[in-house]
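Notes for the structure review
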Amino acid sequence: MLDMTTYRARPLLAIVLYNEKPCHISVSPKSSTFALTSSMANHQNTPFFLLDRKDVVLVKPSKPTPSGVLSLSSIDNSPTHECVCQTVHVFRSKVESAYYDDDDPACVIREALSQALVYYYPLAGKLNKRSDDGKLQINCTADGVPFLVATANNCQLSSLHYLDGIDPQLAKQFVFDFPCDQDHDSGNYNYHPLLLQVTKFSCGGFTIGMGLSHSVCDGSGAAQFFRALIELASGKSEPSVKPVWERERLIVGTSTDDQPLQLFVDKPCLAISPYFPTTDILHGCFYVSSESIETLKTSLTKECADGISCFTTVEVLGAYVWRSRFRALKLNSDGKTVFSLAVGIRNRLNSSPLPDGYYGNAFVSANVVLMGGELNEVLPLSKVAKLIKESKKVASNREYIMNSLVIFEKFRRLNIKMEACGASTILTDWRQLGFLQEEEVDIGGAKEEVNFIAVPLNIFVNVDLCLFLPPSKVDPSTKGGVRVLVSLPRAAMAKFQEEMDALKLGDDGACA
């Protein structure tokens, strides 16, 4: 039997704007029922519907689990990672039907979560900072994971186009935030590293909204946990990949305390945008077809005279997006601009790779620094893509990785958070993480995960961040393409749209 604690859901009142067209969310002060209408890109006939949220419960592990305190790695402890990343996963039902007690997806997912927490028991604890040195730790208390069930009354997922192209503010309704509590003795805050919301729709489909602390998991780790959850919900007796903690593998000692912090570029040298500072930020999602990507690869490969046989998608599209952001932000040509690509290191530690199942942060940044004029005017795009390719090789070196751990540790000690100014493009590629389930599932009548989206309001704390996502499976013709998520000042978004349209249309100047 599940062990659960119940919390009262809080009503919400908000007005969502998208392309200057409002989406209104209203709620009775005596309930937690939401009325929503929306104007989404390419889906102007979005229906009015009610979102009924139940009380939050704490789902605990189905069996006794180890107790104690677990430390986190030097990468986990970076102040930059102190945020909750939220994703929404969309499951389509093959047959439209009502829910019954034995196949209600919320009940199935809740039971699967309870089973998954036996393996991922740290996620049922509380995350906080040590009072002596400020390092993060997890108290494995088995308090449980906050779990919320919502119902979108009289609404089918197809009418929302399975959340493909959804307004970020509306997407926020399919995840939730949960308050932290404060220890009165130490003054430290304790918060849950994992939150889950299941939203059911009248068509028999549903969404799973997941909020997961970036301090505990990177994208690969989050995808690993999510796959385990789906496997258990589909009837498997255990996850196919067993989780491994071993955060001590990526901890550097105090012997580096006296070494000065050396960054790859000084802040005063960075290019400046006239659009910063600002709080008027827009989030955009741009689809790039597989044909456009292949055209770009072919063009840049032909442009190279030094024998490069091929470029990867992340190299050519990363170069293009970097330059497009530079132009959209009108950065000055005599300042420096930075491209940083997250490179996984799970299998890059030579004789001692991280074990299968490691779900902590395990990546470093591959960096390229150019003068603005070089990126925008002097260098051909093929040269920029080549520099990105070379930076990936450098970042795979063990010495580079260990030096990166030292930098992460110093960032924690000095409590340094990189401030966004537009001069950097920080790219994370989520296309190959396995978030979008390829095989059929059997959860409450749903047979297929057709989409997953990142909710940018929390993830995009840093407006320099850019995400590459796989296309949804709603439209088979989009297979092989890439969804590019960016966050930009409102004044810069139109120019970025123009740059992306040039790529889509095969403009001859796009590759120049």
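Parameters at a glance
Residues numbered from 1 in each chain as written. Predicted model: local features only at pLDDT ≥ 70, side-chain atom pairs only at ≥ 80, totals over all residues. Heavy atoms only, no water. Axes fitted to C-alpha atoms, helices over the stretch in contact; angles between N-to-C directions. Helix = DSSP H or I, 4+ residues; strand = E, 2+ residues; numbered from the N terminus. Parallel < 35°, antiparallel > 145°, perpendicular 65-115°, else oblique. Contact = heavy atoms within 4.5 Å. Left-handed = near helix turned anticlockwise from the far one by under 90°. Nonpolar A, V, L, I, M, F, W, Y, C, P; charged D, E, K, R; others polar. Pairing = 2+ DSSP bridges. Phe/Tyr/Trp six-rings, centres within 6.5 Å; stacked < 30°, edge-to-face > 60°. Buried < 20%, exposed > 50% of the residue type's maximum accessible area, 1.4 Å probe, protein only. Lys NZ or Arg CZ within 6 Å of the ring centre and 35° of its normal.

This next bit is on the packing of helix α4 (residues 290–303) against helix α5 (residues 313–329). For the pair α4 and α5, interaxial distance at closest approach is 10 Å and the crossing angle is 90°. Our classification of the angle between α4 and α5 gives roughly perpendicular. Residues Ile293, Leu296, Lys297 and Leu300 of α4 form the contact with α5, whose own contacting residues are Thr313, Val316, Leu317 and Tyr320.

Where α5 contacts helix α10 (residues 490–505), the two axes come as close as 8 Å, and the packing angle between them is 145°. Once α5 is placed against α10, the crossing between them reads as right-handed. In this structure, α5 uses Leu317, Tyr320, Val321, Ser324, Arg325, Arg327, Ala328 and Leu329 to contact α10, whose residues at the interface are Ala492, Lys495, Phe496, Glu499, Met500, Ala502 and Leu503. Across the contact of α5 with α10, the residue classes break down as ten nonpolar, one polar and four charged.

What follows is about the sheet that holds strand β19 (residues 424–429). Pairing is mixed in the open sheet, where six strands are placed in the order β16-β22-β21-β19-β17-β18. Every other strand in the sheet has two partners, leaving β16 (281–288) and β18 (363–371) as the edge strands with one partner each. Taken over all neighbouring pairs, the strand axes of this sheet differ in orientation by 20° on average, direction set aside. Note: strand β17 (residues 336–344) against β18, nine bridges, orientation antiparallel. Counted as the bridge partner of Lys336 is Met371 from β18. Each of β16, β17, β18, β19, β21 (465–469) and β22 (482–489) touches α5; the most contacted strand, β22, lies at about 25° to it.

A separate point is the sheet that holds strand β9 (residues 126–129). If you trace the three strands from one edge of the open sheet to the other, you get β7-β10-β9, paired in antiparallel fashion. Only two strands of the sheet have a single partner each, and these edge strands are β7 (68–71) and β9. The mean angle between the axes of side-by-side strands here comes to 30°, regardless of whether they run parallel or antiparallel. Looking at chain direction, β9 and strand β10 (residues 136–140) are connected through four bridges and run antiparallel. From the neighbouring strand, Asn128 faces β10, where its bridge partner is Gln137.

What follows deals with the packing of aromatic side chains. Taken as a whole and assessed by the stated rule, the structure comprises ten aromatic pairs. Pairing Trp245 with Tyr359 gives two aromatic rings, centres 5.8 Å apart and planes at 70°, and the pair type is edge-to-face. Residue Trp245 is located in the loop between α3 (219–233) and β16, and its partner Tyr359 is located in the loop between β17 and β18; the two are separated by 114 residues in the primary sequence. On the basis of relative accessible area, Trp245 is assigned to the buried category, the value being 15%. A residue is classified by how much of its surface remains accessible, and Tyr359, at 2% relative accessible area, is buried. Plain terms: the ring middles of Phe363 and Phe408 are 6.5 Å apart, the flat faces sit at 85° to each other, and that makes the pair edge-to-face. Of this pair, Phe363 sits in strand β18 while Phe408 sits in helix α8 (residues 398–414), placing them 45 residues apart in sequence. Under the relative-accessibility criterion, Phe363 is labelled buried at 14%. The class for Phe408 is buried, based on a relative accessible area of 13%. Of the aromatic side chains, those joined through ring pairs into one cluster are Tyr120, Phe225, Trp245 and Tyr359. For Arg247, the ring lying beneath its charged end belongs to Trp245, and the centroid distance is 3.7 Å.

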